[in-house]
Amino acid sequence: MAAAGSAVGLGNIWGFPTQAASNGGAAFLIVYLVLAFTLAYPALMAELILGRHAHANAVTALAGTSRNPVAQWIGRSAGVVGFIVASLILSFYAIVAGWMMSHCLSAIASLVGANDLARWLVEFGLARNLLFMALFMGLTVAIIHAGVRDGIERWSSRLMPLLLITLVLLVIYVLTLDGAMQGLRVYLMPDMASALSPKLVISALGSAFFSLSLGVGTMLIYGSYISDKENLPVAGGLVTGVDIGIAVLAGFLVLPAMYVALNNGVDIFAADGSLLSEDTLIFAVLPALFETMGATGGLVSLCFFFLMSIAALTSSISMLEVPVAYTIENHGVRRHRAVLVIGVLIALVSTIILLNFSTLFGLVIAVTTRYSQPLLGFVFCIYVGWIWHRDSLLQELQRGAPNVESTLFWTIWPWHLRLVCPAIILLIFVQSIR
Ligand code: PFF
């Protein structure tokens, strides 16, 4: 449940649908689904298995796969890059999560008649952005600091079904509105010519890795918490299924909602047909959708943005855990100090991003999610597939799945991880920078 909590977050409802909308809809959906099941799921398994075996953070776990000093050094370096990338992801994530919280509070302000406040809370402004980023980071730090992560995750596992139900109801509602069918057509009728464009493929790869929290050591740490009795291929399959399912479902909401908003006079596209502001797309189209609901719209808005804030929190705590676990385990720093210092440093980076929003925001997202996560995933595939001893890998899997050797998973996955995953990740990467 914790791994699913980490996976389900802004990547599903803000990241995937926005990427799909700006990359040809259905073509993106198809490439995303193919990459999620053929590359992201095997990479997730690599992290979970190695994590459970090593019972440590990524730096120690990767170095521990080999006795060769060069391989150990490269593994350790990849782990360190992973924790820097996780921290950078959190620095932009806190900004977007802050917007979720401000929209939630705006719904409350509207319900009690504080209309000026409600308007300020949804307007894009430096003061609001800084305040809510800091609030969200404060909450993330407080949860890890107080050691109540388990409680939050248990709580969120109860709220996750509620998020799912809200999404399903919203999809049903949006599909009854004028303009929705055009959005549905864009989402489901592929233009296969654009499906092979390098920009689309690398964006879909980044989206899949981001959505499943891969490459930065998060899932490895969660793997280290999983009990030996757990059947890992099944657990990993469930996390992948839930995560991809929620992202695809969110696409059924956001793309039709875009065209409904367009129908109602909201500007979404520039003259050349591109999206006006990708980053804030859902904060324009979803409130426009809630407005069409009349009096109940306020409550639905409150409920939706509250659930999204919680989903973002269960992801952000998993990100902060990466640098915190490393500093505690490898440098002997006390947990309280590590959480506070790292939390403040990340909030400072978020502040720098907010002060230079137009140049830095998109850049940090591209560098971390589109390039670093798949490349670090590549390193995991090499270490688990080639460097770690195959017998040790099998033994680890057999703990929770005694018959794994005779399953389809064991017949396909190790070879797939060794050959197919690294080759395709590299190919996509080379294509995209040519
Ligand atoms: N998977 C999260 C989401 O979809 O919102 C984002 C994420 C969490 C990325 C944890 C990376 C990470 F380490």
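For the structure itself, look to the data block above.
Residues numbered from 1 in each chain as written. Predicted model: local features only at pLDDT ≥ 70, side-chain atom pairs only at ≥ 80, totals over all residues. Heavy atoms only, no water.

A. Representation of the overall build of the protein within the structure. Counting its regular elements, the protein contains 19 helices and 0 strands. Taken over the C-alpha trace, the protein has a radius of gyration of 21 Å; the compact-globule value for 434 residues is 22 Å, and the two agree within 12%. In terms of its C-alpha atoms, the protein occupies a principal-axis envelope of roughly 65 × 50 × 40 Å. Classification of the 434 residues of the protein by burial places 57% in the buried group. Within the protein, residue pairs in contact and separated by at least 24 positions form 83% of the contacts whose partners lie at least 6 positions apart. Accessible area of the protein: about 17,700 Å², with a carbon and sulfur share of 67%. Positive and negative charge centroids in the protein, built from 19 and 20 side chains respectively, lie 10 Å apart. (Helix = DSSP H or I, 4+ residues; strand = E, 2+ residues; numbered from the N terminus. Rg over C-alpha atoms; globule rule 2.2 N^0.38 Å. Buried < 20%, exposed > 50% of the residue type's maximum accessible area, 1.4 Å probe, protein only. Contact = heavy atoms within 4.5 Å. Areas by Shrake-Rupley, 256 points an atom, 1.4 Å probe, with all protein chains shown as cover. Lys, Arg positive; Asp, Glu negative; His and termini not counted. Charge placed at Lys NZ, Arg CZ, Asp CG, Glu CD.)

B. Summary view of the packing of helix α5 (residues 69-111) against helix α15 (residues 296-331). Orientation of α5 relative to α15, taken along the N-to-C sense of each, is 160°, at an axis distance of 8 Å. The orientation of α5 with respect to α15, classified from their angle, is roughly antiparallel. The element α5 and its partner α15 pack so that their crossing is left-handed. Grouping the constituent residues of the contact of α5 with α15 by class yields 24 nonpolar, 7 polar and no charged. (Axes fitted to C-alpha atoms, helices over the stretch in contact; angles between N-to-C directions. Parallel < 35°, antiparallel > 145°, perpendicular 65-115°, else oblique. Left-handed = near helix turned anticlockwise from the far one by under 90°. Nonpolar A, V, L, I, M, F, W, Y, C, P; charged D, E, K, R; others polar.)

C. Region of the structure containing empty space enclosed by the protein. Summed over the entire model, instances satisfying the criterion amount to 4 cavities of 30 Å³ or more. What the largest cavity holds in volume is close to 140 Å³. Ser6, Ile89, Phe210, Ser213 and Met319 are the residues nearest the centre of the largest cavity, which is lined by 15 residues in total. Going through the elements one at a time, α1 (2-7), α5, α11 (198-211) and α15 are the ones with two or more residues in the lining of the largest cavity. Looking at the lining of the largest cavity residue by residue, the class counts come to 7 nonpolar, 8 polar and no charged. Space inside the second largest cavity adds up to approximately 80 Å³. For the lining of the second largest cavity, the elements supplying multiple residues, two or more each, are α8 (149-174) and α15. By residue class, the composition of the lining of the second largest cavity is 7 nonpolar, 3 polar and no charged. (1 Å grid on protein atoms, 1.4 Å probe; cavity = no way out; pocket = protein on both sides within 12 Å on 5 of 7 lines; lining within 4 Å. Points joined across faces, edges and corners; volume = space filled by probe spheres on them.)

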